[in-house]
Amino acid sequence: MLDTRALGRQPGSSREEVLNVPAPKDFGVEMVGVPEGAAIELDLRLEAVLEGVLITGTARVPLEGECARCLDPLASTFEADFQELFVYPDTRSGGNADDDELRLEGDLVDLEPVLRDAVVLALPLSPLCRDDCPGLCAECGVRLADAGPDHGHAVADPRWAALRDLTGDEGSRAIDRRERKQEG
Ligand SMILES: [Zn+2]
Ligand SMILES: [Zn+2]
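Please read all numbers here as calculations on a predicted model, not as lab measurements.

Reading the values: the criteria
- Residues numbered from 1 in each chain as written.
- Chains lettered and ligands numbered in written order.
- Predicted model: local features only at pLDDT ≥ 70, side-chain atom pairs only at ≥ 80, totals over all residues.
- Helix = DSSP H or I, 4+ residues; strand = E, 2+ residues; numbered from the N terminus.
- Buried ≥ 20, exposed ≤ 12 C-beta atoms within 10 Å, placed from the backbone.
- Contact = placed C-beta atoms within 7 Å.
- Pairing = 2+ DSSP bridges.
- Core = buried A, V, L, I, M, F, W, Y, C linked by C-beta atoms within 7 Å.

Participant: Please provide a residue-by-residue account of the overall build of the protein chain, values included.
Facilitator: Along the backbone of the protein chain there are four helices and nine strands. By residue count, 16% of the 184 residues in the protein chain fall in the buried class. At a minimum sequence separation of 6, the contacts of the protein chain that also span at least 24 residues come to 57%.

Participant: Describe the environment of P22, with residues and values.
Facilitator: You can see P22 is positioned in strand β2 (residues 14-22). C-alpha separation for the pair P22 and A39, spaced 17 residues apart in sequence, amounts to 4.7 Å. Once you skip the residues sitting within four places of it in the chain, P22 turns out to touch G37 and A39.

Participant: Let's hear about the pairing of strand β5 (residues 39-49): which residues, and what values?
Facilitator: Strand direction decides the pairing type here: β2 and β5, joined by nine bridges, are antiparallel. Each residue of the ladder has a partner; that of E17, found in β5, is L44. The pairing of β5 with strand β6 (residues 52-66) spans nine bridges and is antiparallel. Counted as the bridge partner of V49 is G52 from β6. Here β5 folds back onto β6, and the loop between the two strands holds two residues.

Participant: Can you break down the nonpolar core residue by residue, with the values?
Facilitator: The biggest cluster of nonpolar side chains holds 20 residues, and the ones touching the most others in it are V34, I40, A59, V61, V109, L115 and V119. Those elements that place two or more of their residues in this core are β4 (32-34), β5, β6 and α1 (112-119). It is β6 that provides the largest number of residues to this core, a total of five residues. With near-sequence residues (within four places) excluded, V34 lies in contact with A23, F27, G28, I40, V61, P62 and L63.

Participant: Tell me what's going on with the environment of C137, and back it up with residues and numbers.
Facilitator: Along the chain, C137 turns up in the loop between α1 and α2 (144-147). As for C137 and G152, which are separated by 15 residues in sequence, their C-alpha atoms are 7.9 Å apart. Those residues within four positions of C137 in sequence are excluded, and the remaining contacts are V142, L144, A147 and H151.

Participant: Give a description of the environment of E66 that names residues and reports values.
Facilitator: Structurally, E66 is set in strand β6. Here E66 falls in the partly exposed class, since 15 other C-beta atoms lie within 10 Å of it. Expressed as a C-alpha distance, the spacing of E66 and M31, which sit 35 residues apart in the sequence, is 5.6 Å. Leave out the neighbours within four places in its chain, and E66 touches M31, L71, P73 and L74.

Participant: Hey, could you go over unusual backbone geometry for me, with residue numbers and the actual values?
Facilitator: For D26, which is not a glycine, the phi torsion comes out positive at approximately 55°. Relative to the helices and strands, D26 is located in the loop between β2 and β3 (27-28). Positioned with a positive phi, L71 is a non-glycine residue whose angle comes to about 65°. Within the secondary structure layout, L71 lies in the loop between β6 and β7 (73-87).

What follows is the structure, given as structure tokens:
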């Protein structure tokens, strides 16, 4: 809760505040989010207007999650801007029955729903450890970034058997082992 008493209610008066608030529970989406209790940094500008307090701000949050392709843990930061009008509790909304309008509770502002809209709704549903993450091999689940560009499988292709007969080298024995593992 943000206290707006220092701002006063004189239209035109404004105030800047820098705040650190702990992240609430479940502040994120399935694959990525802000760890509970981690610091949300807020740069806020509060302006008294006729019907309430206009809050313009930037939120900076730490993010933790998993790469949607290779499932590696990832950590980054995220920044979101927001602007919201909080109407004074004793002000009637000018005829339009807007149930979504946010109200001050006394002199207090509850920023959490605003931050949820600004941050959580903007988080990527499929976060990536890097833009060109190649992900996992669909056949064996190995990380393709580790396995290298030559990684591949030729399952049940008789030409592999012929090649093995010819070479018998370490590489083909590795393929042999892998195929046995999959069958077993
Ligand atoms: Zn990845
Ligand atoms: Zn593979």
